[in-house]
Amino acid sequence: MDDTSPQDRVFESAAELFSVLATPIRLKIISAVCQQERNVSELLSMIDTTQPNMSQHLATLYRSGVLAKRRDGTQIYYRLQSERVATLCRAVCTQVAIELDGGDEVEEADRLVPLQHR
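(A) View of the pattern of salt bridges. On inspection of all chains with the given rule, the structure shows three salt bridges. The partner of Glu37 in a salt bridge is Arg70, with the nearest N and O atoms 2.4 Å apart. Placement of the pair is Glu37 in the loop between α2 (24-32) and β1 (38-39) and Arg70 in strand β2 (residues 67-72), with a sequence separation of 33 residues. Glu37 gets classed as partly exposed once you look at its relative accessible area, which sits at 24%. The salt bridge involving Arg90 is made with Glu83; its shortest N-O contact spans 3.6 Å. The exposure class of Glu83 is partly exposed, given its relative accessible area of 45%. Connected through salt bridges with shared partners, the residues Glu37, Arg70 and Asp72 form a single ionic network.

As structure tokens, this is what we get:
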């Protein structure tokens, strides 16, 4: 019998998603496939990493359901499986960019990125 409450399941699922997204390269991959599907070679030309590292991150994103893939001959093309993940990433990254780019007008209590005290 599972004693996990519905609220606990929500938090566990959210934490699992955030852990998948908690790597900069995975956010770059999501950004790269946001508008169109791409193969590994295209992704490697856009993102500075090794092929084995790229493959590992693509596999993680695929297994978690963030990405879908299709084979065309010898090429594998990746695309977003979940537009909601792209929306979440876009919202968070946009807010962080605003704050890092002189976001002094954002109240400290409302910030996603802690102020760097100089």
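Still more to cover.
(B) Local environment of the packing of α2 against helix α4 (residues 51-63). Viewed as axis vectors pointing N to C, α2 and α4 meet at an angle of 75°, and their least axial separation amounts to 10 Å. The pairing of α2 with α4 is recorded here as roughly perpendicular in orientation. Residues Ile25, Arg26, Ile29 and Ile30 of α2 form the contact with α4, whose own contacting residues are Asn53, Met54, His57, Leu58, Thr60 and Leu61.

Rules used throughout
Residues numbered from 1 in each chain as written. Predicted model: local features only at pLDDT ≥ 70, side-chain atom pairs only at ≥ 80, totals over all residues. Heavy atoms only, no water. Salt bridge = Lys/Arg side-chain N within 4 Å of Asp/Glu carboxyl O. Helix = DSSP H or I, 4+ residues; strand = E, 2+ residues; numbered from the N terminus. Buried < 20%, exposed > 50% of the residue type's maximum accessible area, 1.4 Å probe, protein only. Axes fitted to C-alpha atoms, helices over the stretch in contact; angles between N-to-C directions. Parallel < 35°, antiparallel > 145°, perpendicular 65-115°, else oblique. Contact = heavy atoms within 4.5 Å.

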